[in-house]
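# Examination of the molecular architecture
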Amino acid sequence: MNTRKIEILVGLFVALGVIAFAVLALKVANSGISGSGESYLLNAKFENIGSLKARAPIKVGGVVIGRVEGISIHPQEFVPVVNMKIDANYECQFSDTTSVSILTSGILGEQYLGISPVIASESARQSCLGNDTVGNSEADELDDLFGVESKALKNGDMIADTKSALVLEELIGQFLFNQGGE
Amino acid sequence: MDFLQKLGHKTLSRFAALGRSTRMLIGALVNIPNPRKGTPLLIRQLYMIGHQSLLIIMVSGLFIGMVLALQGYTVLVGYGAEDSLGPLVALSLLRELGPVVTALLFAGRAGSALTAEIGLMKATEQLSSLEMMAIDPLKRVIAPRFWAGFISMPILALIFSAVAILGAHLVGVDWLGVDSGSFWSIMQAQVSFEKDILNGIIKSFVFALVVTWIALYKGYDCIPTSEGISKATTETVVHSSLAVLGFDFLLTAVMFSG
Amino acid sequence: MTILAELDVESDLSQAIVEIKDVTFSRGEKTIYKNMSFSVPKGKITAIMGPSGIGKTTMLRLIGGQLKPDSGDILFEGASIPSMTRSALYDARKNMSMLFQSGALFTDMSVFDNVAFPLREHTKLSEELIRLVVLMKLQAVGLRGASELMPSELSGGMARRAALARAIALDPELIMYDEPFAGQDPISMGVLVKLIKSLNEVLGLSSLIVTHDVTEVLSIAEHVVIIAEQGVIGSGTAEEMLAHSSPLVQQFLQGLSDGPVPFHQPASPYEDALLTQGAR
C-alpha cells in the first residue's frame, strides 16, 4: 500500500470527523445563546418556581434571549431566587419595571421564563451604561413629573415584578373553593 | 494460610501489572513521535486504527439511530409527544450511546487487532530485534499506535453520533412522519453545545485512553505463544469493555448529575 | 585438557570482544547460571553449545543487555554492559547485532525495507546510498532477487538469510546467532554454514553462535564453549572438545541417549509406581 493512498484515506477520515463535528455543533445543538457570546446576569425572586430547571430558556415574545443559570434559595426570605444569564446585547435595555413570569410550553412541555419587557428610557439607559448625561433631557423631566425614577436593568440587578409558576394542585384547589363559595 | 498466600500473590501481581502498564504508558507518552520520522508512522496507524474502523462505526451508527427512532416513536406517540423524538435521539446519542458504543466497537475492532499485532511482534521476536538494533520499541511501535488510537476514537464517536442522528431522521421523519422542522428545532432547543456535545467528546477521549492503553499493554505484556496471544486478545475486549462501562458511570455521575 | 583450554582462553583475554565474568543469573526460583565465566575471542567464530533448556538464548540476551545478571559482570569491548546507562547501552548495541531464531523480520515491510531499516534509523545516508548498501548486503546473502518480496512470501531459510543481511547492514563488530540451524533443511543449513563462515572472514567481525547442532557448528567454529549444569563444562577448539575427557561433553557431542544426563526424569522406582494403586 503506497504512502499517498494511505495519506488520502486518513485525510478522508479526518475530514469526515470534522464534518460530523460541524453537523453536531451547528445543526443539532442550539447555536443561539450558548455562552459563546457575551452575557450578563439578572436575578428574580419567585414565590414558587414549579418545575423550572437550570438551563431553561428565557424568552421575550417567544424568542430565546438567555438561559437560567442557577436556582437557589434566598438566605433570609426562604424564597427561590433564579439567576438568569441574558445576552449582553440586551443589557440596559429593559426598565426595572419589567416583569418576568414562569410559563409552560404546551400542556406537557417544559417550563421557561417569559420576560414582558418595559423599554428603559433613554436617560436611564445612558446612566446604566455609565454615560451620565449632563443636560436635562425631556425624558428626565417626564420622569420628574410622575415622581418616579425608573432605572435600566444592569448586571446583577433584581427584577421585582415576578409571577410564579402555576401549580396544578393550587389551581384545582382554588377552583373547588370558588365553586363552594357560590 | 494457602488462601491468604494466594490472595497476597494475586494482589502483588495485580500491582506489578499496573506498574508495568503505567511504565509502558509513560514510555509511550514521553516518546511523542518526532515530526520527521514519526509522522509517517502516525499516519499509517491512523489509517490502520481509524480509517479501518470507519465502516463498522458508520453502519452501526446508522442502525442504532434508526432503532432509537423507531423505539422512541412508539413510546412518545402514546403521549402525543412524537415531536420530542429529535431531542430524545440526539441526547441519548451525544451523551451516552455515541461515546460508549463507539468505544465498545473500537475495543472489538481496533483494540483486539492492536493486541494481536503487538503480541505477534513479541512472539516473532520483532520487539526484541528492535531493541537489539538500539531502537526503543516503545517509541517505534507503541507510541504511534497509542496516539493514533487516542486521536481516532473521538473522531469515530463524532461520526457515529452524526450518522445515527441522520439515521433517526430517516426513520422518524421520512418513514414515520414526524415533522422535519420540529424534529430539528426542538432538538436544537434542547441540546447544548458545552453540556452535551463537549462532554460527550471528553468521554470519548477518556475511553480512547483506556481502551488503547489496555489493548497495547495486553499485547506488550502477553506470553509470546499462540495461546498467550489469543488469551491476551480476549482479555483486551473483556477488560476494555468493562473499563469503558465503569468509567462511563463515573463520568456520567460527574458530568450530568449536577 | 580442561586446564589447557582455560589457559588458552586466558591468553586470549586481551583480544576478547565479550567477557563473561562470574555471572550468576536466575529466573524466579530457578538458577540458570552460577558463577559462569568465559570469553569470546575477537575475529573468530565462537560456538556456545549445550542441551536445550539450558539458557543459551538467555546468554545472548545478557550480552545484549536485555537482561541483567544477578551478580558478576559482562564486558563488551572492555565496557561493562550491566552497569551502562540506557543511552550508552543503545550506543553499544549499534556495534552488535543479533540474528533471532525466527529471523524476526518486520512483517509489514518488504525484504528491501527490512534491510534498509537500521540504515534509515541510525544513519543519515541518502536514499540513493542506502539502496546501494542494501543491494550489496542482499547480494552477499544471495537474495538480491527477492528484495521486493514480503517476509510472509519467504521460506524459513530465506527469511533467516534476509535477517542476516539486515544484521550486517550496519557492519557490526559482533554478530550473535540464536540457533541459526534449527529447523532447516540440509541445503539451507549448508548455505547458512557457508554464509556465516564467509561473512566472518570477509567482514572481519566476530561471531557467536548458540546452537545444539553439533556437526554443523564444529565444522566452522574456531572456539567452542559447552554449557551445562549452570556453568561451563568445557571450552577450547573443536578438536580439543572432541577429545575432551569429561563424560558429559562426550555424551553431548556424540548424542548419546543416556549418560551423565539421564534418559529418565528423576522419579520413584518404576516397580513402586506400577504396583502402588492410585498414587502418582
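Above this text is the structure in question.
Rules used throughout
Residues numbered from 1 in each chain as written. Chains lettered and ligands numbered in written order. Predicted model: local features only at pLDDT ≥ 70, side-chain atom pairs only at ≥ 80, totals over all residues. Heavy atoms only, no water. Core = buried A, V, L, I, M, F, W, Y, C linked by side-chain atoms within 4.5 Å. Buried < 20%, exposed > 50% of the residue type's maximum accessible area, 1.4 Å probe, protein only. Helix = DSSP H or I, 4+ residues; strand = E, 2+ residues; numbered from the N terminus. Contact = heavy atoms within 4.5 Å. Pairing = 2+ DSSP bridges. Phe/Tyr/Trp six-rings, centres within 6.5 Å; stacked < 30°, edge-to-face > 60°. Lys NZ or Arg CZ within 6 Å of the ring centre and 35° of its normal. Axes fitted to C-alpha atoms, helices over the stretch in contact; angles between N-to-C directions. Parallel < 35°, antiparallel > 145°, perpendicular 65-115°, else oblique. Left-handed = near helix turned anticlockwise from the far one by under 90°. Nonpolar A, V, L, I, M, F, W, Y, C, P; charged D, E, K, R; others polar. Salt bridge = Lys/Arg side-chain N within 4 Å of Asp/Glu carboxyl O. Buried area = accessible area lost by both parts, 1.4 Å probe. Polar contact = N/O pair within 3.5 Å; in protein donor to acceptor, adjacent residues only side chain to side chain. Arc of directions from axis to C-beta.

### Here we look at the nonpolar core
Ranked by size, the top nonpolar core spans 79 residues in total, and within it Leu24 and Val28 of chain A together with Ile165, Phe183, Met187 and Val191 of chain B carry the most contacts. Here this core takes 19 residues from helix H6 (residues 137-175) of chain B, the largest share from any one element. When neighbours within four sequence positions are excluded, leucine 24 of chain A is seen to be in contact with Ala29 of chain A together with Leu94, Leu158, Ser161, Ala162, Ile165 and Ile197 of chain B. Core analysis: the second largest hydrophobic core is formed by 51 residues, Tyr177, Ile209, Leu218 and Ile233 of chain C among them.

### Comments concerning the pairing of strand E2 (residues 30-41) of chain C
Residues and elements named next belong to chain C. Where strand E1 (residues 16-27) meets E2, eight bridges bridge the pair, whose relative direction is antiparallel. Across the sheet, residue valine 18 finds its bridge partner in E2, namely valine 40. In this structure, the hairpin formed by E1 and E2 is closed by a connection of two residues, where glycine 28 is found at a positive phi of approximately 65 degrees.

### Quick look at the packing of aromatic side chains
What the rule picks out here adds up to eight aromatic pairs over all chains. Look at phenylalanine 183 of chain B and tryptophan 184 of chain B: their rings are 5.3 Å apart centre to centre, the planes differ by 85 degrees, and that puts the pair in the edge-to-face class. The same class applies to phenylalanine 183 of chain B as to tryptophan 184 of chain B, namely buried. An aromatic cluster is present here, built from Phe146, Trp147, Phe150 and Phe205 of chain B joined pairwise through their rings. Geometry around tyrosine 112 of chain A places lysine 59 of chain A over its ring, the cationic atom sitting 4.4 Å from the centre. When the ring centre of phenylalanine 106 of chain C is taken as origin, the NZ or CZ atom of arginine 166 of chain C, which lies over that ring, is 4.6 Å away.

### Some remarks on the packing of helix H4 (residues 85-123) of chain B against helix H8 (residues 193-220) of chain B
Residue and element names in this part refer to chain B. Look at H4 against H8: their axes get within 8 Å of each other, and the N-to-C directions meet at 20 degrees. In this view, H4 runs roughly parallel relative to H8, as classed from their interaxial angle. Classified by chirality, the crossing of H8 by H4 is right-handed. Of the residues belonging to the contact of H4 with H8, the class tally is 15 nonpolar, seven polar and seven charged.

### Digging into the pattern of salt bridges
Counted under the stated rule, the structure contains 16 salt bridges over all chains. Among the ionic pairs, glutamate 77 of chain A bridges to lysine 45 of chain A, the shortest N-O distance being 3.1 Å. On the criterion of sequence distance, the pair formed by glutamate 77 of chain A in the loop between strand E3 (63-73) and strand E4 (80-87) and lysine 45 of chain A in strand E1 (residues 39-45) is long-range, its members being 32 residues apart. By relative accessible area, which is 44% here, glutamate 77 of chain A ends up partly exposed. Relative accessible area serves as the criterion here: at 26%, lysine 45 of chain A is assigned to the partly exposed category. Linking lysine 231 of chain B and glutamate 235 of chain B is a salt bridge whose minimum nitrogen-to-oxygen distance equals 3.6 Å. With lysine 231 of chain B and glutamate 235 of chain B both in helix H9 (residues 226-256), this residue pair falls four residues apart, about one helical turn. According to the relative accessible area criterion, glutamate 235 of chain B is partly exposed, its value standing at 24%. In the salt-bridge network here, residues are joined through shared partners; they are Glu96, Lys203 and Asp248 of chain B.

### Describing the interface of chain B and chain C
Residue-level contacts link 16 residues of chain B with 26 residues of chain C. Both sides together, the interface formed by chain B and chain C hides about 1900 Å², and carbon and sulfur atoms give 53% of it. Looking only at chain B, the three residues that lose the most surface to chain C are Glu125, Met132 and Met133 of chain B, adding up to 34% of its buried area. Taken together, the links from chain B to chain C amount to three salt bridges. For glutamate 125 of chain B, the salt bridge goes to arginine 61 of chain C, with nearest N and O atoms at 3.8 Å. Linking chain B with chain C are ten residue pairs in polar contact (both at pLDDT 80 or more), by the criterion used here. Elements with a minimum of two residues in the side of chain B that touches chain C: helix H2 (35-50), helix H5 (126-132) and H6 of chain B. Here the side of chain B that touches chain C is composed, by residue class, of six nonpolar, four polar and six charged.

### Thoughts on helix H3 (residues 86-93) of chain C
All of the buried residues in H3 of chain C are Leu89, Tyr90, Ala92 and Arg93 of chain C. Looking straight down H3 of chain C, one finds that the buried residues subtend no more than 160 degrees of arc, so they occupy a single side. The elements touched by buried residues of H3 of chain C are H5 and H6 of chain B together with strand E4 (71-76) and strand E6 (96-99) of chain C.

### A look at the sheet that holds strand E8 (residues 206-211) of chain C
All names here are of chain C. Reading across from one edge, E6-E7-E8-E3-E9-E10 is the order of the six strands in this open sheet, with mixed pairing throughout. For this open sheet the edge positions go to E6 and strand E10 (231-236), each flanked by a neighbour on one side alone. On average, adjacent strands in this sheet sit at an angle of 15 degrees to one another, irrespective of strand direction. Where strand E3 (residues 45-49) and strand E9 (residues 223-228) come together, four bridges link them in parallel fashion. Bridging across to E9, alanine 47 finds its partner in valine 224. The sheet strands contacting helix H2 (residues 56-63) are E3, E6, strand E7 (174-178) and E8, and the helix crosses E8 at an angle near 150 degrees.

### A short note on the interface of chain B and chain A
Facing the 31 residues of chain B at the interface are 24 residues of chain A. When the two sides are added together, the surface that chain B and chain A hide from each other amounts to roughly 2500 Å², 75% of it contributed by carbon and sulfur. Looking only at chain B, the three residues that lose the most surface to chain A are Tyr47, His51 and Gln188 of chain B, adding up to 21% of its buried area. At the boundary of chain B with chain A, the tally comes to zero salt bridges. At the boundary of chain B and chain A, one finds zero residue pairs in polar contact (both at pLDDT 80 or more). Elements supplying a minimum of two residues to the side of chain B that touches chain A: H2, helix H3 (54-76), H4, H6, helix H7 (180-190) and H8 of chain B. Tallied by class, residues from the side of chain B that touches chain A come to 21 nonpolar, seven polar and three charged.

### Description of the arrangement of the chains
Counting contacts across all two pairs of chains found in contact, the highest total belongs to chains A and B. At the level of C-alpha atoms, the two units chain A and chain C stay apart, their nearest approach being 10 Å.

### Comments concerning the pairing of E10 of chain C
Residue and element names in this part refer to chain C. Judged by how many residues are buried, E10 sits mostly within the fold: five of six residues are covered. As judged from the five bridges shared by E9 and E10, these two strands associate in the antiparallel manner. By the bridge assignment for E10, valine 224 is matched with glycine 236. The hairpin formed by E9 and E10 contains two residues between the paired strands, and glutamate 229 there has a positive phi angle of roughly 50 degrees.

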